[in-house]
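# Fold and geometry: a report
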Amino acid sequence: SQQGEEDPQALSIQEGENATMNCSYKTSINNLQWYRQNSGRGLVHLILIRSNEREKHSGRLRVTLDTSKKSSSLLITASRAADTASYFCATDGGRLGRRALTFGSGTRLQVQP
Amino acid sequence: EAGVAQSPRYKIIEKRQSVAFWCNPISGHATLYWYQQILGQGPKLLIQFQNNGVVDDSQLPKDRFSAERLKGVDSTLKIQPAKLEDSAVYLCASSQEVRSGNTIYFGEGSWLTVV
């Protein structure tokens, strides 16, 4: 079953604008990760935020985590056409030995040049 | 460093036929995963190995799917017999060890179309 649900399912913006994607999850987590998937390719890890962190930055990426609301957001600033991809949140909350990530359904981002 | 290798990249088979996918994880990675990704959805875990032992196969349809990881390195995923709903991308991934916060590295995937 899918743990996370991304919102919106699809997002289209102009180059230079900011893109915000949200993720909600159901059970308690140890950490939350965001991955990117270009069309026809595998997933690439972007950023990880631990359950005791509230915000994290990496280049043009900003991730927030609100464990009380069981939600996270990914902000991509100053978007580029090359940011066009699907973005997935993934949670890791399993018991020891079963920490495989559970992925959401993804947000498809289209950045228009 | 070489990434996760998968083959074949694309496969088209008829329903009720069998298919096998191969994965070679990143060198030294103890944990290997197979995920199924249906078009428009996120990846769903099928099976997780730690070295050559199965950690989690609770979502693997064991009546038709099987997987093994010989000698704790390469892995194969087999589907027999295939159904139309098995059309998906099969993603192999690996990580250094089973602990929280590990980055998982994905291969490019094996695209299966069942007709």
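Read on for an overview of the structure. Throughout, residues of each chain are indexed from 1 in the direction in which the sequence is written. Whichever chain is written first becomes A and whichever ligand is written first becomes 1, with later ones labelled in order. Two thresholds apply to this predicted model, a pLDDT of at least 70 for residue-level local features and 80 or more for giving and counting side-chain atom pairs, whereas whole-chain, interface and lining totals are computed over all residues. Remark: hydrogens and water are excluded; side-chain values derive from all non-hydrogen atoms of the structure.

What follows concerns the state of the cysteines. All names here are of chain A. Note on terminology: disulfide denotes any pair of cysteine sulfur atoms within 2.5 Å. This structure, assessed with the given rule, holds two disulfides over all chains. Each sulfur in the disulfide pair C23 and C89 lies 2.0 Å from the other. Of note, the bridge from C23 to C89 carries an S-S torsion of about 65° and is right-handed in sense. Of this pair, C23 sits in strand 3 (residues 19-24) while C89 sits in strand 9 (residues 85-92), and the two are 66 residues apart along the sequence. Going along the chain from the N terminus, every DSSP run of H or I of four or more residues is numbered as a helix, and every run of E of two or more is numbered as a strand.

To pair, rings of Phe, Tyr and Trp, with the six-membered ring standing in for Trp, must have centres within 6.5 Å; the planes then decide the type, stacked if under 30 degrees apart, edge-to-face if over 60, and tilted in the middle. Counting across every chain of the model gives nine aromatic pairs over all chains. Pairing F21 of chain B with Y90 of chain B gives two aromatic rings, centres 5.4 Å apart and planes at 20°, and the pair type is stacked. One end of the pair, F21 of chain B, is in strand 3 (residues 19-24); the other, Y90 of chain B, is in strand 9 (residues 88-95), and 69 residues separate them in sequence. Buried means the residue's accessible area, taken with a 1.4 Å probe over protein chains only, is under 20% of the maximum for its type, while exposed means over 50%, and partly exposed covers the values in between. Overall, F21 of chain B belongs to the buried group, its relative accessible area being 1%. On the basis of relative accessible area, Y90 of chain B is assigned to the buried category, the value being 0%. Aromatic pair Y35 of chain B and F106 of chain B: ring centres 5.7 Å apart, planes at 50°, arrangement tilted. Here Y35 of chain B is found in strand 4 (residues 31-37), whereas its partner F106 of chain B is found in strand 10 (residues 105-106), with 71 residues between them in sequence. Classification of Y35 of chain B as buried rests on a relative accessible area of 0%. Here the aromatic cluster, defined as three or more aromatic residues joined through ring pairs, consists of Y35 and F103 of chain A together with Y33, Y35 and F106 of chain B.

Within the largest apolar cluster, 21 residues are counted, with the highest numbers of intra-cluster contacts made by F21, W34, L77, I79, Y90 and L112 of chain B. Between two residues, a contact is recorded if the distance between any of their heavy atoms is within 4.5 Å. Residue contacts for L77 of chain B: discarding those within four places in its chain leaves V19, A20, F21, W34, L46, L60, F65, S66, A67 and Y90 of chain B. Definition used in this section: a nonpolar core is a set of buried Ala, Val, Leu, Ile, Met, Phe, Trp, Tyr and Cys residues joined via side-chain atoms within 4.5 Å. The next biggest cluster of nonpolar side chains, apart from the first, holds 20 residues, and it includes Y25, I49, I76 and A85 of chain A.

This paragraph deals with the side chain of E6 of chain A. Residue and element names in this part refer to chain A. Tracing the backbone shows E6 in strand 1 (residues 5-7). Under this rule, positive means Lys or Arg and negative means Asp or Glu; His and the chain ends count for nothing. Here, a salt bridge means any Lys or Arg side-chain nitrogen found within 4 Å of an Asp or Glu carboxyl oxygen. The charged side chain of E6 is buried without a salt bridge, its nearest counter-charge being R108 at 9.3 Å. Identification of polar contacts relies on pairs of N or O atoms within 3.5 Å, with a donor-acceptor requirement for protein atoms, meaning one able to donate a hydrogen and the other able to accept it, and with residues adjacent in sequence counted only if both atoms are side-chain atoms. At 2.5 Å, the side chain of E6 forms a polar contact with the backbone nitrogen of C89. A polar side-chain atom of E6 sits 2.8 Å from the main-chain amide nitrogen of S105. In contact with E6, not counting residues within four places along its chain, are N22, C23, W34, Y87, F88, C89, G104, S105, G106 and T107.

The next point concerns the sheet that holds strand 3 of chain B. Residues and elements named next belong to chain B. The strand order 1-3-8-7 describes an open sheet built from four strands, whose pairing is antiparallel. The sheet is open, and its two edges are formed by strand 1 (5-7) and strand 7 (65-68), each paired on a single side. Across this sheet, the average inter-strand angle for adjacent strands is 15°, counted without regard to direction. Here, a strand pair is defined by DSSP locating no fewer than two bridges between the strands. Axes here mean lines fitted to C-alpha atoms, for a helix over just the part in contact, with angles spanning 0 to 180 degrees between N-to-C directions.

Further remarks concern unusual backbone geometry. All names here are of chain B. Cis geometry is adopted by the peptide bond preceding P8, which originates at S7 and carries an omega value of -10°. Turning to its location among the elements, P8 is positioned in the loop between strand 1 and strand 2 (10-13). Of note, the amide linkage connecting Q80 to P81 takes the cis form, showing an omega dihedral of -5°. Mapped onto the elements of the fold, P81 is located in the loop between strand 8 (75-79) and strand 9. A positive phi angle is found at R16, which is not glycine, with a value near 80°. Looking at the element boundaries, R16 is found in the loop between strand 2 and strand 3. The class for R16 is exposed, based on a relative accessible area of 63%. Its identity is not glycine, yet N51 carries a phi of approximately 55°, on the positive side. As for its position among the elements, N51 is in the loop between strand 5 (44-50) and strand 6 (53-56).

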